[in-house]
Structures are given as C-alpha cells and as structure tokens.
Amino acid sequence: HATHDDLPAIDAIYNQAVACGLLTADTEPVSSAERGEWFGRFVPDAYPLFVYEMDGQVVGWASLSPHRPGRKALEEVAEISFYVDFAHHGKGIGSRLVAHCEAQSAVLRKRVFFSITIESNRASLRLLERHGYERWGYLPDVIRVGNARRGQVYMGKILHRELPDW
C-alpha cells in the first residue's frame with residue numbers, strides 16, 4: 001500500500017504521462033501539495049493505492065477508484081489505473097500491478113474492474129488485453145491536447161460472477 005511519503009514519486013511518475021501528452025487527460029503537471037485530497041480518497045480495504053518498488057524506489061503504481069461514488073448498486077465495480085516510470089517500461093511492472101489488484105479483488109469486495117484509456121496509449125491497451133480485459137465502450141474525439149484529438153476506450157473485466165460470503 002502506498003503511504004503519504006510515496007506521493008512525490010507517484011506524482012513524478014504521473015507527470016511523465018502528462019508531459020508526454022495523450023497518455024492522460026491532464027494537461028498540466030500535478031504537485032504533491034495539491035494532491036493530498038486525491039491521496040486521501042484511497043482506502044486500503046476498499047479502494048487502495050499500491051506502489052511497486054525496486055531497490056527501495058517507487059517505479060510504478062496502481063489504484064482502484066469507485067465508479068459513480070454513492071450509488072450502492074455499483075459498489076462492486078472499480079476503475080483500475082496504473083502508471084510506470086518511463087525508465088522501467090517493458091519490464092512487466094504494469095502487468096504485475098494489474099495482477100496484484102486483481103488478486104486483491106475478492107477481499108476488496110470488487111467483482112468488476114474497468115479502465116478508461118486514451119486510444120493512443122497502445123501499450124496500456126495491449127496490457128489490459130493480455131489480462132483478459134475486453135473493449136466495453138468507446139467515446140470518440142473526447143480528448144483534446146493542443147490540436148490532437150483522441151477517443152477514450154473503456155476496457156473491462158468481470159473478475160467474479162459472485163463474491164464469497166465472508
């Protein structure tokens with residue numbers, strides 16, 4: 001689980017995607033000072049934020065967020081997001097983060113995961129497909145960064161038809 005001390009590394013990794021353009025819908029870098037509220041929304045036993053460390057350094061992270069918070073019928077659904085430091089792409093870290101989130105799904109009482117990915121982020125889309133996610137939806141032309149426009153792809157996976165009664 002991520003700690004507040006991990007937030008600068010989490011933000012630095014996220015800001016790589018922001019600077020690259022068209023990997024996230026944010027167009028301005030984020031700062032740890034302004035992300036305290038964002039960090040506080042993650043609850044380890046329901047909607048966690050995980051980090052992946054190598055040699056004591058955070059090199060990737062994944063989060064589970066509620067889908068349409070406050071709607072009780074959707075409590076078993078979570079949006080999965082994952083980011084890996086560009087220097088560590090291609091090492092299987094993103095795949096391990098997704099697999100870890102999935103392995104925690106029953107304990108977290110989540111049956112369904114989905115991801116909202118910008119269509120130009122082919123690496124993330126391929127990773128999700130390798131993990132059995134299917135394309136559930138597409139919003140064309142909703143992202144605009146400068147003069148570039150892209151759509152969002154909704155990828156989803158039903159992890160459990162029913163959750164165990166514990």
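Scroll up to find the structure this text is about.
Residues numbered from 1 in each chain as written. Predicted model: local features only at pLDDT ≥ 70, side-chain atom pairs only at ≥ 80, totals over all residues. Heavy atoms only, no water.

Engineer: What should I look at first to understand unusual backbone geometry in this one?
Structural biologist: Among all residues except glycine, the phi angle is most often negative; among peptide bonds, the trans geometry is most common. Positive phi, close to 65°, is recorded for R109, a residue that is not glycine. Following the sequence through the fold, R109 ends up in the loop between helix 3 (93–104) and strand 4 (112–118). (Helix = DSSP H or I, 4+ residues; strand = E, 2+ residues; numbered from the N terminus.)

Engineer: What is the right way to read the side chain of S124 from this model?
Structural biologist: With respect to the helices, strands and loops of the structure, S124 is situated in helix 4 (residues 122–130). Those residues within four positions of S124 in sequence are excluded, and the remaining contacts are F82 and T117. (Contact = heavy atoms within 4.5 Å.)

Engineer: Please explain the nonpolar core as it appears in this structure.
Structural biologist: Soluble, globular proteins show a tendency: their nonpolar side chains are buried together. Counting residues in hydrophobic clusters, the biggest one holds 23 residues, and the most contacted among them are L64, I80, C101, F113 and Y133. If you list the elements that add at least two residues to this core, you get strand 2 (57–66), strand 3 (77–84), helix 3, helix 4 and strand 6 (148–158). The residues contacting L64, other than those within four sequence positions of it, are F42, Y47, P48, A78, E79, I80, C101, L108 and F113. By size, the runner-up hydrophobic cluster in this structure holds 16 residues, among which are Y14, A17, F39 and Y83. (Core = buried A, V, L, I, M, F, W, Y, C linked by side-chain atoms within 4.5 Å. Buried < 20%, exposed > 50% of the residue type's maximum accessible area, 1.4 Å probe, protein only.)

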